[in-house]
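# Secondary and tertiary structure notes
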Amino acid sequence: MVSPTNFLLHAFLWLALAATAFSLSPNFYHNVCPQALPAIKRVVEAAVHKERRMGASLLRLHFHDCFVNGCDGSLLLDSTSSFETEKNARGNLNSVRGFEVVDQIKAEVDRVCGRPVVSCADILAVAARDSVVALGGPTWKVRLGRRDSTTASRTLADNVLPSASMDLPALINNFKNQGLNKRDLVALSGGHTIGLSQCLIFRNRIYNATVIDPAFAKERRATCPRTGGNTNLAPFDPTPSRFDTAYFKNLVKEKGLLTSDQALFSGGSTDKLVETYSKNPNAFWVDFGKSMIRMGNIKPLTGKQGQIRVNCRKVN
Ligand code: HEM
Ligand SMILES: *[C@@H]1O[C@H](CO)[C@@H](O)[C@H](O)[C@H]1NC(C)=O
């Protein structure tokens, strides 16, 4: 007997099931392992306490995971006979860091949950949020339920990760290819309010750029010579361990460290938004959280796709 109420009830139940199976939800681990999120937070806080920069490094891992075929933990896989690790890609090699902390988080989460139920991709998303909070930034509800890829692609990573030499149209296009808009580009670039960069990456700008504060260029040249010192580090803004608006204040003063940073404030269509964020921490806070959720939604594997890795570095 198929009554109209029965039909509606079944349609509703099916929809509810489909929603949990195919999209991300903040409550994904509430029943299966309520201890998971507090465990991630504990390990992130300890790591950031030990070395403040680790918060920046963990935030960047989630970004570089999501931009390469979606947020699927592919960045964490080491090379095998069937694929080369994304860790070797331009933009990752000798640059991304924090993999040992991810291993620690994974071990702790699996211990408190009693079995591997939390994906490596979700660990990256939560660790990114907890890092931002640990360094004084905004919080947001991380959507969960991503599953882990069984493959990785160095070539794709080479092709899709944005580079420090990009101008504004190239950056806008790069983000557009991920379904992200100009607002996401500017807000998420604000991630550079924490962390450091290497001389090799910003040398060309501090010696050759025209749109650059001369005193700032001089200061950076002091620790980044024309030749040598490639791995010498400099902060993106004067407060690299604090998630504040100094990054945007710097851009307005033509003190952006990378070409791609200053591109956001160099007479183009994003100048106004940079200025807004430079004066209004709350506007930056709110938009950063929204855009992190949008970035975290890029092409996740869900339901029965992929797997929950036992070791984030290896396919099961
Ligand atoms: C808009 C395009 C972007 C470009 C071209 C870019 C490029 C870079 C480069 C070249 C570095 C320094 C690498 C090194 O010197 O080894 C870096 C560091 C960093 N990036 Fe980005 N990035 C971009 C967007 C983002 C986004 C969206 C986030 C996060 C929301 C982010 C977070 C970070 C962080 C936190 C660091 C410092 C990491 C550390 O100190 O370990 N970046 N980025
Ligand atoms: C400055 O630009 C020139 C021309 O593009 C290039 O050959 C040179 O290597 C650059 N200098 C630095 C220090 O990057």
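Only a predicted model underlies this, so the values are computations on that prediction, with no experimental measurement involved. (Residues numbered from 1 in each chain as written. Chains lettered and ligands numbered in written order. Predicted model: local features only at pLDDT ≥ 70, side-chain atom pairs only at ≥ 80, totals over all residues. Heavy atoms only, no water.)

## A closer look at empty space enclosed by the protein
Put simply, the rule is: Buried and open spaces are told apart on a 1 Å grid over the protein atoms alone, a cavity being a set of points where a 1.4 Å probe fits but cannot get out and a pocket being an open set with protein on both sides within 12 Å along at least five of seven lines. Residues with an atom within 4 Å of a point are the lining residues. Grid points are joined across faces, edges and corners, and a volume is the space filled by probe spheres set on the points. Numbering of helices and strands runs from the N terminus; a helix is a DSSP stretch of H or I covering at least four residues, while a strand is a stretch of E covering at least two. Each residue is assigned to one of three groups, with Ala, Val, Leu, Ile, Met, Phe, Trp, Tyr, Cys and Pro labelled nonpolar, Asp, Glu, Lys and Arg labelled charged, and all others, Gly among them, labelled polar.
Scanning all chains against the criterion turns up 1 cavity of 30 Å³ or more. The space that makes up the largest cavity amounts to roughly 60 Å³. If you go around the largest cavity, the residues you meet are H62, A125, W140, V142, R143, R146, M292, I293, G296 and N297. It is helix 14 (residues 281-296) that provides the largest number of residues to the lining of the largest cavity, a total of 3 residues. Across the lining of the largest cavity, the residue classes break down as 5 nonpolar, 3 polar and 2 charged.

## Looking at the packing of helix 7 (residues 168-176) against helix 8 (residues 182-189)
Our working rule: All axes are obtained by fitting lines to C-alpha atoms, using only the stretch in contact for helices, and the reported angles, taken between N-to-C directions, cover 0 to 180 degrees. Between 65 and 115 degrees an angle is taken as roughly perpendicular, under 35 as roughly parallel, over 145 as roughly antiparallel, and anywhere else as oblique. Any two residues whose heavy atoms approach within 4.5 Å at even a single point are treated as in contact.
One way to put it is that helix 7 packs onto helix 8 with a least axis distance of 9 Å and a crossing angle of 105°. Viewed along their axes, helix 7 and helix 8 adopt a mutual orientation that is roughly perpendicular. Judged by residue contacts, L168, L171, I172 and F175 of helix 7 engage K182, D184, L185 and L188 from helix 8.

## Points about the site of ligand 2
This is how it is decided: Nearness of a residue to a molecule or strand requires only that one of the residue's heavy atoms be within 4 Å of it. For the purposes of these results, a polar contact is taken to be a pair of N or O atoms within 3.5 Å, where, inside protein, one atom must be able to donate a hydrogen and its partner to accept one; residues adjacent in sequence count only when each atom of the pair is a side-chain atom. Accessible surface is estimated by sampling points in the Shrake-Rupley manner with a 1.4 Å probe; for residues, cover comes only from the protein chains shown.
Looking at ligand 2, the residues that line it are R203, N204, Y207 and N208. N204 places a side-chain nitrogen or oxygen 3.4 Å from an oxygen atom of ligand 2. N208 places a polar side-chain atom, nitrogen or oxygen, 2.3 Å from an oxygen atom of ligand 2. In isolation ligand 2 has 360 Å² of accessible area, and contact with the protein removes 40% of it.

## Concerning the pattern of salt bridges
The test is simple: What counts as a salt bridge is simple: a side-chain nitrogen of Lys or Arg found within 4 Å of a carboxyl oxygen of Asp or Glu. For every residue, the accessible area (1.4 Å probe, protein chains only) is compared with the maximum for its type, and the residue is labelled buried under 20%, exposed over 50%, or partly exposed between those bounds.
Scanning the model with the defined rule gives 16 salt bridges in all. E45 is the partner of K41 in a salt bridge, and the nearest nitrogen-oxygen pair spans 3.9 Å. Taken together, the residues span about one helical turn, with K41 and E45 both in helix 2 (residues 36-50) at a distance of 4 residues. Accessibility expressed as a relative area gives 40% for E45, which makes it partly exposed. For R42, the salt bridge goes to E108, with nearest N and O atoms at 3.5 Å.

## Considerations on helix 13 (residues 271-279)
Let me state the cut-off plainly: Taking the helix axis as origin, the arc is that swept by the directions to the C-beta atoms.
Of all the residues in helix 13, the buried ones are D271, L273, V274, Y277 and S278. Angular distribution of buried residues about the axis of helix 13 spans 165°; they occupy a single face of the element. Within helix 13, the exposed residues directed more than 90 degrees away from the buried face are K272 and K279.

## Examining the site of ligand 1
Note the following rule: The start and end points of each domain follow an automatic or database-based domain assignment.
Neighbouring ligand 1 are 27 residues; R53, S57, S95, H192 and Q198 lie closest to it. Within the contact set of ligand 1, an oxygen atom lies 2.9 Å away from a side-chain nitrogen or oxygen of S197. Those elements giving two or more residues to the shell around ligand 1 turn out to be helix 3 (53-66), helix 7, helix 8 and strand 1 (196-198). With 6 residues, helix 3 is the largest single contributor of residues to the shell around ligand 1. Among the residues making up the shell around ligand 1, the classes are represented as 14 nonpolar, 10 polar and 3 charged. Per-domain counts for the shell around ligand 1 show at least three residues from each of domain 1 (18-161) and domain 2 (168-294).

## Structural notes on the state of the cysteines
Put simply, the rule is: Pairs of cysteine sulfur atoms within 2.5 Å are identified as disulfides in what follows.
What the rule picks out here adds up to 4 disulfides. Between the sulfur atoms of C66 and its disulfide partner C71 the distance amounts to 2.1 Å. Because the sign of the S-S torsion sets the handedness, a value of about 115° for the bond joining C66 and C71 places this disulfide among the right-handed ones. Exposure remark for C66: the relative accessible area of 0% places this residue in the buried category. Residue C71 is classed as buried on the basis of its relative accessible area of 0%. Paired through a disulfide, C120 and C312 show a sulfur-sulfur distance of 2.1 Å. Sign of the S-S torsion, about -95° for the bond between C120 and C312, identifies this disulfide as left-handed. In this pair, C120 sits in helix 5 (residues 120-134) while C312 sits in the segment after helix 14, placing the two residues 192 residues apart along the sequence. Assessed through its relative accessible area of 0%, C120 is described here as buried.

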